[in-house]
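Listed below, chain by chain, are the residues.
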Amino acid sequence: MGEADRNALGARAEGASKLLTKLSREHKRILVVTHIDADGLSSGSIAFQSLARKGAITSVRALPDLDPRGIDLLKNDRFDFYLFTDLGSGLIEQLTAALGESFMVVDHHQLPPEYASRPEILNAWNFGYDGGTDVCSATMAYLLAKTLDERNRDLSVQAVVGALGDRQDGGPGRSLTGLNREALDDSVELGLVTVAKDFLFHGRETRPIHEAMAMTYSPYIPGLSGAKDASLAALSNSGLVLKERGRWRSISELSTEEKQKLMEVLTSFAGSSGDGSALVSSLIGEVYTLQLEDALTPLRDAREYGTLLNACGRMDATDIGISICLGDRYTALSEALRLMGEYRSKLNKAIQALQMGGDRVSTHGDVTVVMGEEFIEERMTGSISSLLASSEKFKDKMVLVRARSGDSELKFSSRLGDSFPKEVNLGLIMKEAAEQVGGVGGGHSMAAGAKIPISKRDEFTRAVLEKVAA
Ligand code: C5P
C-alpha cells in the first residue's frame, strides 16, 4: 500500500460527483445496491439520501452478497445506473460485462490494482488507505456525498455509525482513525456527536449496570456476556450502589470512584479466564454520543446504533435498518428493538451450543474451525465469528465458522483474533481458497467470507489451513 493521497481521492470523488449530478439532472433512474451489515446499510443510506437531495430518481436495495447471478438479476430490473456501496470490488469485470459503463463502485474492500485508475471505482485502497482500519464504505459514501453538496455534512453521523458497526475503532483507546476520523470531526464540529472516554458497555446510558454488562459481546466476557443473573451476582458483593430510590442506576451515573470499583470487579472476574487486566482495559475507550437521538434508545450511542443495524441485517430486516438510517424513529425503531432481542438470543443459543463442545469445534494449529451446519444460520456466521475472535479463548486464533447456504452451498466467515501471532491477509486467503474450489470469497485482512459448493468443504478447509500455515 502506498502513501495515502487525500487529494487524489478528492479529485476522484469530484469526478464521481459530476457524473452523479449529471445523471440526477437527466432524471435517470439510479439504483443504490448495498450490503446488509451496519456499514452496508449506512453507506447505502448515505448514497441514497445524497442522490435524493440532488433530486435524483433513486431507490436502495440491500443484498447479503453479490455474485454473477445477482448481477444478472439487477440488470434485468433495467435501471439506468447502478451505484454499488460496500460490495462489488471483487467483481469489476463481471459488472462491466453486464452493465457496461452504467455503474459505479464506492467501497473499502481490497481490489486488484489494475482497477485503480478506472473512474467508476472509488475505493479507499486505490488512494493508499487501509480499508480494513481507516475507512469504511459509509465514510467513502460520505466523502462522495460531501463532494456532491457541502450541506450533506450532516450525513457524517451515519459514517461514524458505519465505521463502528464495522469494528474500525482500532486506534488508541478504541478510537476511530484515518478518514473515519475526518467524518467524526465533521459531526463533532456540527454538534451532532460528542466524544468522551468511558466504559464501552452497551446500554451505558440506558440500562441497569448488570444488564449493560450482560449485553456487551465485544469483547466477549466469558460468564458475563449474555448472563444477566451472573452479572448481577458479580456486582452485588462489590458495595456499589446499584439502585437509587428503587430505580436501577446506569454506568453513566457512576462517579469516578465507583467506576474504579467496577473496574476492580471486572478485573477480578475476568482474571479467572486469562489476562483479566487486558480484557478490562479493552472495555474502556472513546465513546461517541449522538446528540440529537433520544437518550433512552440505543441510537444515542454510535456503537449500539451500529449493533442495532447489524442485527437488522442479520435478521433479514434490511428495510427496517435503512428506514432507521433515513430517520424513522417510530415503527421501524420499535421493530428493530424487537429484532435486536431475537438476534441476541440467537447468538446466545449458538454460543451455548458451542460451549457444549462435542465435535462442533476443532482447532488445527492457529485455526479454530466451527462446524455450524446444524445450529448456525447463514446470516449469523459473521456475528458469531466476530464474537468468538473477540473472546479471550480465541484471541490468538483465526476463527473459521461455517453454515449451510441453501441446499448446495456452504457459507464461511473468518476473523482474526487481536493477538493472532502471524501476518496474514484473510481477504486474500479466502478469495484464493474459494476460487480454487469454484467458489467466491474475499474481504479484509482481519475479516473475510466465502461461499463454496458443499462437496468442496474439506478441500476448501485444507486450502485455508495450508495458506495460513505458509
Ligand atoms: O460475510 P462475512 O461477515 O464473514 O464477511 C466479512 C467481510 O468480508 C465483509 O466485509 C464482507 O463484505 C467481505 N466479503 C467479501 N467478499 C465475499 C464475502 C465477504 O468482500 N465473497
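Source: prediction; values computed, not measured. The numbers attached to residues start from 1 for each chain and follow its sequence in the written order. The predicted nature of this model means local features are confined to residues of pLDDT at least 70 and side-chain atom pairs, given and counted, to a pLDDT of 80 or more, with totals for whole chains, interfaces and linings taken over all residues. Side-chain numbers here rest on the full set of heavy atoms in the structure, without hydrogens or water.

### Describing the pairing of strand 12 (residues 398-405)
Consideration 1: The buried count for strand 12 comes to 7 of 8 residues, which makes it a mostly enclosed element.
Consideration 2: Bridging between strand 11 (residues 367-371) and strand 12 involves 5 bridges; their strand directions are parallel. What sits directly across from Met-371, in strand 12, is Arg-402.
Consideration 3: With helix 15 (residues 381-389) bridging strand 11 and its parallel neighbour strand 12, the resulting β-α-β unit is right-handed.
Consideration 4: Here the rule is simple: two strands pair whenever DSSP picks up at least two bridges between them. Note on conventions: DSSP H or I runs of at least 4 residues are helices, E runs of at least 2 residues are strands, and numbering of each starts at the N terminus. Two strands pair when backbone bridges link them, and strand 12 and strand 13 (residues 409-416) are joined in this way by 8 bridges, in the antiparallel orientation. Considered in strand 13, the bridge of Ser-405 is made with Glu-409.
Consideration 5: In this antiparallel pair of consecutive strands, strand 12 and strand 13, the connection spans 3 residues, and Gly-406 shows a positive phi of 65°. Relative accessibility thresholds used throughout: buried, under 20% of the residue-type maximum; exposed, over 50%; partly exposed, between the two (1.4 Å probe, protein chains only). Look down the strands so they point away from you; if the path from the first strand over the helix to the second goes clockwise, the crossover is right-handed.

### A closer look at the packing of helix 5 (residues 137-148) against helix 6 (residues 156-165)
Consideration 1: Two elements in contact, helix 5 and helix 6, have axes whose closest approach is 7 Å; the angle formed by their N-to-C orientations is 160°. Judged by the angle between their axes, helix 5 and helix 6 are roughly antiparallel. Considering the relative orientation of helix 5 and helix 6, their crossing is left-handed. Contact residues: Ala-138, Thr-139 and Tyr-142 in helix 5; Ser-156, Gln-158, Ala-159 and Gly-162 in helix 6. An axis is simply a line fitted to the C-alpha atoms; with a helix, the fit covers only the stretch in contact. Between two such axes, the angle follows the N-to-C directions and lies from 0 to 180 degrees. An angle counts as roughly parallel when it lies under 35 degrees, as roughly antiparallel when it exceeds 145, as roughly perpendicular when it falls between 65 and 115, and as oblique in every other case. Helix crossings are classified by the rotation of the near helix relative to the far one: an anticlockwise turn of less than a right angle makes the crossing left-handed, while a clockwise turn makes it right-handed. Pairs of residues are marked as contacts when any of their non-hydrogen atoms sit within 4.5 Å.

### Brief notes about the pairing of strand 10 (residues 361-364)
Consideration 1: Looking at chain direction, strand 10 and strand 11 are connected through 4 bridges and run antiparallel. In the sheet register, Val-361 faces strand 11, and the bridge partner there is Val-370.

### Overview of the site of the ligand
Consideration 1: When at least one non-hydrogen atom of a residue lies within 4 Å of a molecule or strand, that residue is treated as near it. With respect to spatial proximity, 15 residues lie near the ligand, and among them His-109, Lys-411, Ser-413, Arg-415 and Gly-442 are the closest.
Consideration 2: For the ligand, an oxygen atom lies 2.5 Å from a polar atom in the side chain of Ser-413.
Consideration 3: To measure how exposed things are, a 1.4 Å probe is used in the Shrake-Rupley method; for residues, cover is taken only from the protein chains shown. Summarising the interface, the protein chains cover 83% of the accessible area of the ligand, which totals 460 Å² for the free molecule.
Consideration 4: Secondary-structure elements contributing two or more residues to the shell around the ligand are strand 13, strand 14 (440-443) and strand 15 (447-453).
Consideration 5: A total of 4 residues in the shell around the ligand trace back to one element, the largest contributor, which is strand 14.
Consideration 6: In this classification, the charged set is Asp, Glu, Lys and Arg, the nonpolar set is Ala, Val, Leu, Ile, Met, Phe, Trp, Tyr, Cys and Pro, and all remaining amino acids, among them Gly, are polar. Within the shell around the ligand, the residues separate by chemical class into 3 nonpolar, 9 polar and 3 charged. Polar contact is defined as a pair of N or O atoms within 3.5 Å, subject to the rule that within protein one atom must be able to donate a hydrogen and the other to accept it, and that residues adjacent in sequence are counted only when both atoms are side-chain atoms.

### Here's the deal with the domain arrangement of the protein
Consideration 1: Just so you know, the domain bounds were taken from an automatic or database domain assignment. We note that the domain assignment places domain 1 (3-171), domain 2 (198-318 + 337-352) and domain 3 (358-469) within the protein.
Consideration 2: Taking only C-alpha atoms into account, the centre of domain 1 sits 27 Å from that of domain 3.
Consideration 3: Contacts between the two partners involve 10 residues from domain 1, matched on the other side by 7 residues from domain 3.
Consideration 4: By convention, the term buried area covers the 1.4 Å-probe accessible surface removed from two parts as they join, with the contributions of both added. In this assembly, domain 1 packs against domain 3 so that about 780 Å² is buried in total across both faces, 50% of it on carbon and sulfur atoms.
Consideration 5: Note on definitions: salt bridges are taken to be side-chain nitrogens of Lys or Arg within 4 Å of carboxyl oxygens of Asp or Glu. Taken together, domain 1 and domain 3 are joined by 1 salt bridge.
Consideration 6: The shortest N-O distance in the salt bridge between Asp-65 and Lys-451 comes to 3.1 Å.

### Some remarks on empty space enclosed by the protein
Consideration 1: Both cavities and pockets are sets of points on a 1 Å grid over the protein atoms alone; in a cavity a 1.4 Å probe fits but cannot get out, in a pocket the set is open with protein on both sides within 12 Å along at least five of seven lines, and lining residues sit with an atom within 4 Å of a point. Grid points are joined across faces, edges and corners, and a volume is the space filled by probe spheres set on the points. All chains considered together, the criterion is met by 2 cavities of 30 Å³ or more.
Consideration 2: One number sums up the size of the largest cavity: a volume of about 50 Å³.
Consideration 3: As for the largest cavity, its lining consists of Leu-20, Ala-47, Ser-50, Leu-51, Leu-83, Thr-85, Val-106, Ala-141, Leu-144, Ala-145 and Leu-148.
Consideration 4: Broken down by secondary-structure element, the contributors of at least two residues to the lining of the largest cavity are helix 2 (38-53), strand 3 (81-85) and helix 5.
Consideration 5: The element best represented in the lining of the largest cavity is helix 5, accounting for 4 residues.
Consideration 6: Tallied by class, the residues present in the lining of the largest cavity amount to 9 nonpolar, 2 polar and no charged.
Consideration 7: Counted as a void, the second largest cavity has a volume near 40 Å³.

### Structural notes on the nonpolar core
Consideration 1: Membership of the largest hydrophobic core comes to 86 residues, with the highest contact counts inside it found for Leu-20, Leu-83, Ile-324, Ile-376, Ile-384 and Leu-388.
Consideration 2: Here this core gets 11 residues from one element, more than from any other, and that element is helix 14 (residues 331-355).
Consideration 3: Apart from residues lying up to four places away in sequence, Leu-83 is in contact with Leu-20, Ile-30, Leu-31, Val-32, Val-33, Ala-47, Leu-51, Met-104 and Val-106.
Consideration 4: Leu-400, Phe-420, Val-424 and Ile-452 belong to the second-largest nonpolar core, a separate cluster that totals 22 residues. Nonpolar cores are built from buried Ala, Val, Leu, Ile, Met, Phe, Trp, Tyr and Cys residues. Side-chain atoms within 4.5 Å join them into one set.

### Looking at the pattern of salt bridges
Consideration 1: Per the counting criterion, the structure on display carries 37 salt bridges.
Consideration 2: Between Arg-153 and Glu-189 there is a salt bridge whose closest N-O contact spans 3.2 Å. Highlighted residues: Arg-153 in the loop between helix 5 and helix 6 and Glu-189 in helix 7 (residues 178-189), separated in sequence by 36 residues.
Consideration 3: We note a salt bridge from Arg-379 to Asp-316, for which the minimum N-O separation is 3.0 Å. Taken together, the residues span a long stretch of sequence, with Arg-379 in the loop between strand 11 and helix 15 and Asp-316 in the loop between helix 12 (302-314) and helix 13 (318-325) at a distance of 63 residues.
Consideration 4: A relative accessible area of 55% places Asp-316 in the exposed class.
Consideration 5: In this structure, a network of salt bridges that share partners links the residues Arg-6, Lys-146, Glu-150, Arg-153, Glu-182, Asp-186 and Glu-189.

### Brief notes about unusual backbone geometry
Consideration 1: In the Ramachandran plot, His-27 falls in the positive-phi region, its phi being about 55° despite a non-glycine side chain.
Consideration 2: In this structure, His-27 sits in the loop between helix 1 (6-25) and strand 1 (29-35).
Consideration 3: Within the chain, Arg-245 stands out as a residue other than glycine whose phi angle is a positive 45°.
Consideration 4: Along the polypeptide, Arg-245 turns up in the loop between strand 7 (243-244) and strand 8 (247-248).
Consideration 5: Take Arg-245: its relative accessible area is 84%, and that puts it in the exposed class.

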